[in-house]
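Fold and geometry: a report
Residues per chain are reported as follows:
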Amino acid sequence: MSLRSVVAQDKPSLRGPQPAFDTVSNGDTVRASRHPWVAMSGSKLILGAIREQLRLQGVTYRDLAMALGVSEPTVKRDLSRGNFSLDRLDRICEVLGIGLDDLVRGEQGSGLLKELDDRQEAELIADTPLLLVTYLVLNDWKFDEILAAFRFDENALVSLLLRLDAMKLIDYRPPDRMRKLTARNFSWRKDGPVHRYFISRILPEFFAAPFDRPVDGFHFMAGMLSHGSMRYMAGELQRLAREFDVLARKDATLPLDARDGCSAVMAIRHWEYSEFTRIRR
């Protein structure tokens, strides 16, 4: 069944009850309105909402194509014509991290959280269990999975989730339903409490470990580049970061035992080692 078919099926006529006829789309028989403009307006609503979400979340057609496992021209054609399947629509919603009802209502985007304030970030790093649960929920762990893997009893976990709900990081419905309320471009404050915690506590431990597994990678490079080349490299790092995010969202649909925690640090800056600077003329 295609997107146009289901919209025609579900969207009522504004002129009251109307006789309907059977149409066939991709082998499925559906009930459709006699007024083609009704179906067209509904499909345009959904397509427009998808394109708006891509814009708000900073997702390119290339990013979406990669997450869906199709070509970029296919994505462009689908979002132009709207003749894709319901399975494809479900996958698009999964990649964007929203439900179909939210997409149609258009309530996402402006209401999603893009960052916390300093006080909220300080609250997270002051409470290791709260910081851990934040990391797990933002990486699509389920309630029962958290209980099974970490030393929380149910009451303690509920208490932590209620705090995250109060911070608007998640929408929590006891006992175990939780939905992320973070935008795709959610980030920690530059030079904020979490950023400083990351620099002082997490990075030293991260780089002190050996990078010796087949899936590990470590490259430290230093050289002399022009400003144009540095801008190019910075752009490529941003592209790679988007691809990481797309893959993480795609793999979030896999069972937990098929995923491993991983971290990547991507950075480039004008810099000279301080011991070298000390002996400059």
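Residues numbered from 1 in each chain as written. Predicted model: local features only at pLDDT ≥ 70, side-chain atom pairs only at ≥ 80, totals over all residues. Heavy atoms only, no water.

Looking only at helices and strands, one finds 13 helices and 4 strands in the protein. A total of 281 residues make up the protein; the buried ones form 30% of that total. For the protein, restricting intrachain contacts to residue pairs at least 6 apart in sequence, the fraction spanning at least 24 positions comes to 63%. Element-wise, carbon and sulfur atoms account for 54% of the exposed surface of the protein, whose accessible area totals about 18500 Å². (Helix = DSSP H or I, 4+ residues; strand = E, 2+ residues; numbered from the N terminus. Buried < 20%, exposed > 50% of the residue type's maximum accessible area, 1.4 Å probe, protein only. Contact = heavy atoms within 4.5 Å. Areas by Shrake-Rupley, 256 points an atom, 1.4 Å probe, with all protein chains shown as cover.)

Between its first and last C-alpha atoms helix H10 (residues 154–166) spans 18 Å; for 13 residues at 1.5 Å apiece the expected length is 18 Å, and the two agree. The complete set of buried residues in H10 reads Leu 157, Val 158, Leu 160, Leu 161 and Leu 164. Mapping the buried residues of H10 onto a view down its axis gives an arc of 165°, with all of them on the same face. Of the exposed residues in H10, those oriented more than 90 degrees away from the buried face are Asn 155 and Ala 166. Next to the buried residues of H10 lie helix H7 (118–125), helix H8 (128–138), helix H9 (143–149), strand S3 (170–173) and strand S4 (177–180). At the exit of H10 stands Lys 168, carrying a positive phi of roughly 65°. (Expected span 1.5 Å × (residues − 1). Arc of directions from axis to C-beta.)

Let us now look at the pairing of S3. Note that S3 and S4 share 4 bridges and pair antiparallel. The partner of Arg 173 across the bridge, within S4, is Arg 177. (Pairing = 2+ DSSP bridges.)

Let us now look at unusual backbone geometry. A cis amide bond, omega 10°, links Pro 174 with the succeeding residue Pro 175. If you trace the backbone, Pro 175 turns up in the loop between S3 and S4. Of note in the backbone geometry, Asp 140 takes a positive phi value of approximately 70° without being a glycine. Relative accessible area serves as the criterion here: at 23%, Asp 140 is assigned to the partly exposed category. The backbone phi angle of Lys 168 is positive, close to 65°, even though this residue is not glycine. Checked against the element boundaries, Lys 168 lands in the loop between H10 and S3.

Further remarks concern the packing of aromatic side chains. Counted under the stated rule, the structure contains 9 aromatic pairs. The interplanar angle of 50° and the centroid separation of 6.4 Å between the aromatic rings of Trp 271 and Tyr 273 together place this pair among those described as tilted. With centroids separated by 5.2 Å and ring planes inclined at 85°, the aromatic side chains of Tyr 273 and Phe 276 adopt a geometry described as edge-to-face. A network of ring pairs unites the aromatic residues Phe 206, Phe 207, Phe 211 and Phe 218 as a single cluster. (Phe/Tyr/Trp six-rings, centres within 6.5 Å; stacked < 30°, edge-to-face > 60°.)

Turning to a nonpolar patch on the surface, a few remarks are in order. On the surface, a cluster of nonpolar side chains totalling about 1000 Å² of accessible area is made up of Phe 198, Ile 199, Ile 202, Phe 207, Phe 218, Phe 220, Val 265, Trp 271, Tyr 273 and Phe 276. The greatest single-element share of the nonpolar patch, amounting to 4 residues, is contributed by helix H11 (residues 193–208). One can find Phe 276 in helix H13 (residues 274–277). The class of Phe 276 is exposed, set by a relative accessible area of 52%. (Patch = residues over 30% accessible without salt bridge, like charges linked within 9 Å, V, L, I, M, F, W, Y side chains within 5 Å. Salt bridge = Lys/Arg side-chain N within 4 Å of Asp/Glu carboxyl O.)

Among the secondary structure elements, Thr 74 is positioned in helix H4 (residues 72–81). When its relative accessible area of 16% is taken as the criterion, Thr 74 is described as buried. A C-alpha to C-alpha distance of 9.5 Å links Thr 74 and Tyr 61, two positions 13 residues apart in sequence.

The next point concerns the side chain of Glu 121. Position of Glu 121 among the secondary structure elements: in helix H7. Buried and without a salt bridge, Glu 121 has Arg 189 as its closest oppositely charged side chain, separated by 5.3 Å. In this structure the side chain of Glu 121 is engaged in a polar contact, spanning 2.8 Å, whose partner is the backbone nitrogen of Arg 189. With residues near it in sequence (within four places) discarded, Glu 121 still touches Leu 116, Trp 188, Arg 189, Gly 192, Pro 193 and Val 194. (Lys, Arg positive; Asp, Glu negative; His and termini not counted. Polar contact = N/O pair within 3.5 Å; in protein donor to acceptor, adjacent residues only side chain to side chain.)

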